[in-house]
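This is what each chain is made of:
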Amino acid sequence: MHRLRHGDHGPAVAEVRGTLSTLGFLLNGVSTTSRDAINGSQWIAPDAVFDHHLDSAVRAFQQQRGLLVDGVVGTATYRSLKEASYRLGARTLIYQLSAPLYGDDVAALQTKLQDLGFYPGRVDGYFGPQTHEGLSSFQREIGIASDGICGPQTLRSLDLLGTRVTGGSPHAITEEELVRRSGPQLSGKRIVIDPDLGGGETGIVLDTPFGPITESDILWDLASRLEGRMAATGMETFLSRPHDQNPSPAQRAETSNTFEADLMISLRCSASTSPHANGVASFHFGNSHGATSRIGQVLSSFIQREIVARTSLQDCRTHGRTWDLLRLTNMPTVQVDIGYLTNESDVNVLANPRNRDIIAESILIAVKRLYLLGQDDQPTGTFTFAELLAEELAKADQA
């Protein structure tokens, strides 16, 4: 779709204004972050203007939905606007492989099923196989047709039955229990490493003191160094893509799910119109419905701390996001944006092969900290790859 931004006008802008008004981000044409008053009855002129009020409303919506906050309505923001506009009961919900359903109505259904004990997954607004199975189980339990289709009869049953338990997150408990049961040793853990770009998409081309290098080269090299270190500890590693391909985030997630991995680590670089923007940031799944990947949150925090402690990269902290790569993967997933290629200082860090070694080591140590669960842990930035490898080999000999 055509990207909409401040200064644009037309029917597409009118549609965005109408949706944000209905959702409570625009009241009488003025932006607001309050969700207390929702006014969907305003008439929007077909040639509406993308003014500063709409810009503020778009940014507030993006912040609330876990999107990149830039005030631009691109594909991701427009899709999220559509998802937010769906209310449970407005359409029939069904599992479709060819055209999967997303929306707040799906999230509302997942929440109801979760409160009744039929859905242990995360509330992500995606009607996938786990939601289908939970809905079918509910239908079987109450004695209606177990077809996995959420229509009027199923909705009436959900409303009449009420909830048994509210609050809590079965998905978070399940994630934490899987990590606890797998034990502290890295050997046998299955990890997907996802370097961005690939194929003909090289990203930013850099001229550095270490020679010319592309964004894609940096990420592939870092992924290779991380893969080598993980393999040395006995971990089973997979790359999300071949060197000559650049799949979409949804395709990367789909490929990764086939590996039935324990974790996924995605590597990205950032860029900005400002040369002053710099630093490393880490992201995990987290949305406005209160659903969070607890293990993703913990691992992203460990990765962030280790990289910042071992390099000169600025700490841009960890954040919950709803990006496809984080939402559609079955395993806990962390995306690490390891620096800005539009910042001279960050470029000097990333262009140096020794620093890429350090970053790869930082990520591996962070994974080890995750599985240690706080036991026999060492201060941030002090545990080395040599020590970790020796410890892993010693435990393997004992086994």
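Worth saying up front: this structure is predicted, and the values here are computed from it rather than measured.

Concerning the packing of aromatic side chains
Reasoning step 1: A full pass over the atoms with the stated rule returns five aromatic pairs.
Reasoning step 2: When the ring of F283 is compared with that of W323, the centres are 4.8 Å apart and the planes differ by 55 degrees; the resulting orientation is tilted. Placement of F283 in strand β8 (residues 280-285) and of W323 in the loop between β9 (315-321) and α11 (324-328) is noted, with a sequence separation of 40 residues between them.
Reasoning step 3: Just above the ring of F285 sits the side chain of R122; from NZ or CZ to the centre is 4.5 Å.
Reasoning step 4: Here the basic side chain of R229 rests over the ring of F385, its NZ or CZ set 5.7 Å away from the ring centre.

Regarding the pairing of strand β4 (residues 205-208)
Reasoning step 1: Residues L206 and T208 of β4 are buried on one face, while the alternating residues V205 and D207, pointing to the opposite face, are not.
Reasoning step 2: Alignment of β4 against strand β5 (residues 211-214), held across four bridges, turns out to be antiparallel. Residue pairing for β5: L206 is matched across the bridge by I213.

Some words on the sheet that holds strand β10 (residues 333-340)
Reasoning step 1: The strand order across the open sheet built from six strands is β6-β3-β7-β10-β8-β9, with neighbouring strands paired in mixed fashion. Of all the strands in the sheet, the pair left with one neighbour each is β6 (236-239) and β9. Strand-to-strand twist across the sheet, computed as the mean angle between neighbouring axes with direction ignored, equals 20 degrees.
Reasoning step 2: In terms of strand pairing, β8 meets β9 through five bridges, oriented parallel.

Brief notes about the pattern of salt bridges
Reasoning step 1: Evaluation of the coordinates by the stated rule reveals 28 salt bridges.
Reasoning step 2: Notably, a salt bridge pairs K112 with D159, separated by 3.4 Å at the nearest N-O pair. Placement of K112 in helix α4 (residues 104-115) and of D159 in helix α6 (residues 152-161) is noted, with a sequence separation of 47 residues between them.
Reasoning step 3: Among the ionic pairs, E177 bridges to R181, the shortest N-O distance being 2.9 Å. Here E177 and its partner R181 are both found in helix α7 (residues 170-182), four residues apart, which amounts to about one turn of the helix.
Reasoning step 4: Sharing partners across several salt bridges, the network here consists of D221, R225, R229, R356 and D357.

Things to note about helix α1 (residues 11-22)
Reasoning step 1: Between its first and last C-alpha atoms α1 spans 16 Å; for twelve residues at 1.5 Å apiece the expected length is 16 Å, and the two agree.
Reasoning step 2: Of all the residues in α1, the buried ones are V13, A14, V16, R17, T19, L20 and S21.
Reasoning step 3: If you follow the buried residues of α1, they end up packed against β1 (26-27), α2 (52-65) and α3 (75-85).

A few points about the packing of α1 against α3
Reasoning step 1: Remark: α1 packs on α3, axes separated minimally by 10 Å, with the N-to-C direction vectors making an angle of 40 degrees. Overall, the two elements α1 and α3 adopt an arrangement that is oblique. The two elements α1 and α3 cross, and the hand of that crossing is left-handed. Contacts from E15, V16, T19 and L20 of α1 reach α3 at Y78, L81, K82 and S85.
Reasoning step 2: Within the contact of α1 with α3, the residues separate by chemical class into four nonpolar, two polar and two charged.

Here's the deal with the packing of α1 against α2
Reasoning step 1: Where α1 contacts α2, the axes come no closer than 11 Å and their chain directions differ by 60 degrees. As summarised for this structure, α1 and α2 are arranged oblique, according to the angle between their axes. In the packing of α1 onto α2, the handedness of the crossing is left-handed. Along its contact with α1, which presents V13, V16, R17 and L20, the element α2 presents L54, A57, V58 and F61.
Reasoning step 2: For the contact of α1 with α2, the residue count by class is seven nonpolar, no polar and one charged.

Examining the environment of Q96
Reasoning step 1: Its place among the elements puts Q96 in the loop between α3 and α4.
Reasoning step 2: Its relative accessible area of 29% is what places Q96 among the partly exposed residues.
Reasoning step 3: Along the sequence, Q96 and D207 sit 111 residues apart, while their C-alpha atoms lie 47 Å from each other.
Reasoning step 4: A distance of 2.6 Å separates the side chain of Q96 from the backbone oxygen of A99, its partner in a polar contact.

So, the nonpolar core
Reasoning step 1: Within the largest apolar cluster, 43 residues are counted, with the highest numbers of intra-cluster contacts made by M230 and V367.
Reasoning step 2: The set of elements that each furnish at least two residues to this core consists of β3 (190-195), α8 (215-232), β7 (263-270), α10 (294-310), β10, α12 (344-351), α13 (353-372) and α14 (385-398).
Reasoning step 3: The residues contacting M230, other than those within four sequence positions of it, are I191, I193, M235, T237, I265, L364 and V367.
Reasoning step 4: Formed by 19 residues, the second largest nonpolar core is a distinct cluster that contains L54, F61, V73 and L81.

Some details on the pairing of β7
Reasoning step 1: Among the eight residues in β7, eight count as buried, and that is most of the element.
Reasoning step 2: Neither face of β7 is exposed, since L263, I265, L267 and C269 on one face and M264, S266, R268 and S270 on the opposite face are all buried.
Reasoning step 3: Here β3 pairs with β7 via five bridges, running parallel. Paired with V192 across the bridge in β7 is M264.
Reasoning step 4: With six bridges connecting them, β7 and β10 associate as parallel partners. When the bridges of β10 are listed, L267 appears paired with V336.

A closer look at unusual backbone geometry
Reasoning step 1: One non-glycine residue with positive phi stands out, namely E260, at about 50 degrees.
Reasoning step 2: Mapping E260 onto the fold places it in the loop between α9 (249-258) and β7.
Reasoning step 3: Residue classification places E260 among the exposed positions, given a relative accessible area of 66%.
Reasoning step 4: With a phi angle near 70 degrees, R317 is a residue other than glycine that sits in the positive phi range.
Reasoning step 5: Take R317: it is sitting in strand β9.
Reasoning step 6: By relative accessible area, R317 is classed as exposed at 59%.

About the thresholds
- Residues numbered from 1 in each chain as written.
- Predicted model: local features only at pLDDT ≥ 70, side-chain atom pairs only at ≥ 80, totals over all residues.
- Heavy atoms only, no water.
- Phe/Tyr/Trp six-rings, centres within 6.5 Å; stacked < 30°, edge-to-face > 60°.
- Helix = DSSP H or I, 4+ residues; strand = E, 2+ residues; numbered from the N terminus.
- Lys NZ or Arg CZ within 6 Å of the ring centre and 35° of its normal.
- Buried < 20%, exposed > 50% of the residue type's maximum accessible area, 1.4 Å probe, protein only.
- Pairing = 2+ DSSP bridges.
- Axes fitted to C-alpha atoms, helices over the stretch in contact; angles between N-to-C directions.
- Salt bridge = Lys/Arg side-chain N within 4 Å of Asp/Glu carboxyl O.
- Expected span 1.5 Å × (residues − 1).
- Contact = heavy atoms within 4.5 Å.
- Parallel < 35°, antiparallel > 145°, perpendicular 65-115°, else oblique.
- Left-handed = near helix turned anticlockwise from the far one by under 90°.
- Nonpolar A, V, L, I, M, F, W, Y, C, P; charged D, E, K, R; others polar.
- Polar contact = N/O pair within 3.5 Å; in protein donor to acceptor, adjacent residues only side chain to side chain.
- Core = buried A, V, L, I, M, F, W, Y, C linked by side-chain atoms within 4.5 Å.

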